[in-house]
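An overview of the molecular structure
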Amino acid sequence: MTNTSKSSAIEGYLKQFNPPSNPVLARLVKEHTERTDVIPCIGEEAAGFIYWLVRLIKAKEVVEFGSCIGYSTIVIGEAVKANGGHLTSIEIAKNHYREAVRNVREAGLSDYVSIVNGDAKVEFEKMSGPFDFIMQDSLKALYPVMIGDCVEKLRAGGVMVADDTLFLPVGKPEKMAVPMDAYNKLIFGDSRLTSTIVPIGDGLTVSFKCESKS
Ligand SMILES: C[S@@+](CC[C@H](N)C(=O)[O-])C[C@H]1O[C@@H](n2cnc3c(N)ncnc32)[C@H](O)[C@@H]1O
């Protein structure tokens, strides 16, 4: 078996074990593959992992940057609903924002999810935190820039996930790949965090904020 057929066999097998199962998600996956006006969503494998992680740490206060039309927002929304928490998701594009609001409503998650139309950095600066879980999937140039504010507002024991962080080795254009590499280097050099990169999709950098020593 070649490495390529081995990884697609594993991917096919894993599909059956990937929660969550909100019926709106299947339509959104289809839309993300067929439409040219939306950027790819996190994908089903990452969705299963992120859902599990939010449940594992029992995250209640959650923030997401980059809702697009709501795929990852619904995945995280399902997890915070189960945890008795709340998700705020920030999306800059008006058209994406409107669709995300509609899709979250159709998914039955409006009571657990608020979507803010605006720039992730600007809107996050207005929030006080602390947050249990932070998901970064917005403008790639913002990833390194927002680290300081994110770590500050992440509670000790909280988790931060950034999508697409293997853009450099997978050969994505420099404009997106270079900030991803800068993000990883800053994150791994931050003594407040312990981090790992999970090779799901184009890479997920997962960081855990250590308890303060003082
Ligand atoms: C990769 S898509 C997000 C996909 C989504 N997380 C999912 O998995 O379904 C990136 C999104 O970030 C949004 N975005 C870009 N710049 C942004 C910014 N400065 N603030 C907030 N959102 C931004 C884009 O409009 C786009 O919808």
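Residues numbered from 1 in each chain as written. Predicted model: local features only at pLDDT ≥ 70, side-chain atom pairs only at ≥ 80, totals over all residues.

As a further point, take the overall build of the protein chain. Within the protein chain, the secondary structure is distributed over 8 helices and 7 strands. Computed over the C-alpha atoms, the radius of gyration of the protein chain is 16 Å, within 12% of the 17 Å expected from 2.2 N^0.38 for a compact globule of 214 residues. Taken across its 214 residues, the protein chain has 43% of its residues classed as buried. Counting contacts in the protein chain only where the partners sit at least 6 residues apart, residues at least 24 apart contribute 71% of the total. (Helix = DSSP H or I, 4+ residues; strand = E, 2+ residues; numbered from the N terminus. Rg over C-alpha atoms; globule rule 2.2 N^0.38 Å. Buried ≥ 20, exposed ≤ 12 C-beta atoms within 10 Å, placed from the backbone. Contact = placed C-beta atoms within 7 Å.)

Glancing now at helix α3 (residues 44-56). Helix length check: α3 (13 residues) gives 18 Å between terminal C-alpha atoms against 18 Å at 1.5 Å per residue, within 8%. Directly beyond the C-terminal end of α3, a positive phi value near 55 degrees is found at Lys 58. (Expected span 1.5 Å × (residues − 1).)

Looking at the ligand, there are 19 residues lining it, with Cys 41, Gly 66, Tyr 71, Ser 72 and Leu 139 nearest. Where the shell around the ligand is concerned, the elements lending two or more residues are α4 (71-83) and β2 (86-91). Among the residues making up the shell around the ligand, the classes are represented as 12 nonpolar, 4 polar and 3 charged. (Near = placed C-beta within 6 Å. Nonpolar A, V, L, I, M, F, W, Y, C, P; charged D, E, K, R; others polar.)

This paragraph deals with the sheet that holds strand β5 (residues 154-163). Spatially, β3-β2-β1-β4-β5-β7-β6 is the arrangement adopted by the 7 strands of the open sheet, whose pairing is mixed. Unpaired on one side and paired on the other, β3 (113-117) and β6 (193-198) mark the two borders of the sheet. Here the strands of the sheet are splayed against their neighbours by 15 degrees on average, with no regard to which way each runs. As judged from the 5 bridges shared by strand β1 (residues 61-65) and β2, these two strands associate in the parallel manner. Among the inter-strand pairings, Glu 64 is bridged to a residue of β2, identified as Ser 89. (Pairing = 2+ DSSP bridges. Axes fitted to C-alpha atoms, helices over the stretch in contact; angles between N-to-C directions.)

This next bit is on the pairing of β6. Bridging between β6 and strand β7 (residues 204-209) involves 6 bridges; their strand directions are antiparallel. Residue Ser 195 lies in a different strand from β7, and its bridge partner there is Ser 207. Linking β6 back to β7 in an antiparallel pair, the connection comprises 5 residues, with Gly 201 at a positive phi of about 60 degrees.

Trans is the prevailing form of peptide bonds, just as negative phi is the prevailing case for residues other than glycine. The amide bond that connects Gly 129 to the next residue, Pro 130, takes the cis arrangement and shows omega of -5 degrees. Among the structural elements, Pro 130 can be located in the loop between α6 (120-125) and β4 (131-136). Positioned with a positive phi, Cys 68 is a non-glycine residue whose angle comes to about 50 degrees. By the secondary structure assignment, Cys 68 is in the loop between β1 and α4. One non-glycine residue, Asp 164, lies in the positive phi region at around 75 degrees.

So, on to the packing of helix α7 (residues 142-153) against helix α8 (residues 174-188). The description of two helices packed together rests on the angle between their axes and the distance between the axes. The N-to-C vectors of α7 and α8 enclose an angle of 25 degrees; their axes lie 7 Å apart at closest approach. Compared by their axis directions, α7 and α8 come out roughly parallel. Residue-level inspection shows Tyr 143, Pro 144 and Ile 147 of α7 in contact with α8, the latter providing Pro 179, Met 180, Ala 182, Tyr 183, Leu 186 and Ile 187. When the residues that make up the contact of α7 with α8 are grouped by side-chain class, the tally is 9 nonpolar, no polar and no charged. (Parallel < 35°, antiparallel > 145°, perpendicular 65-115°, else oblique.)

Further remarks concern the nonpolar core. Nonpolar side chains tend toward joint burial in soluble globular proteins. Ranked by size, the top nonpolar core spans 57 residues in total, and within it Ile 50, Val 54, Val 62, Tyr 71 and Ile 76 carry the most contacts. Tyr 71 has contacts with Leu 25, Leu 28, His 32, Cys 41 and Ile 42, leaving out every residue within four places of it along the chain. (Core = buried A, V, L, I, M, F, W, Y, C linked by C-beta atoms within 7 Å.)

Turning next to α4. Every α-helix winds through 3.6 residues per turn, so residues three or four apart in the chain are directed the same way. If you check α4, its first and last C-alpha atoms are 19 Å apart, about what 13 residues at 1.5 Å a residue would give, namely 18 Å. A large share of α4 lies buried, amounting to 11 of its 13 residues. For α4, the full list of buried residues reads Tyr 71, Ser 72, Thr 73, Ile 74, Val 75, Ile 76, Gly 77, Glu 78, Ala 79, Val 80 and Asn 83. Remark: Gly 84 follows α4 within two positions and exhibits a positive phi of approximately 75 degrees.

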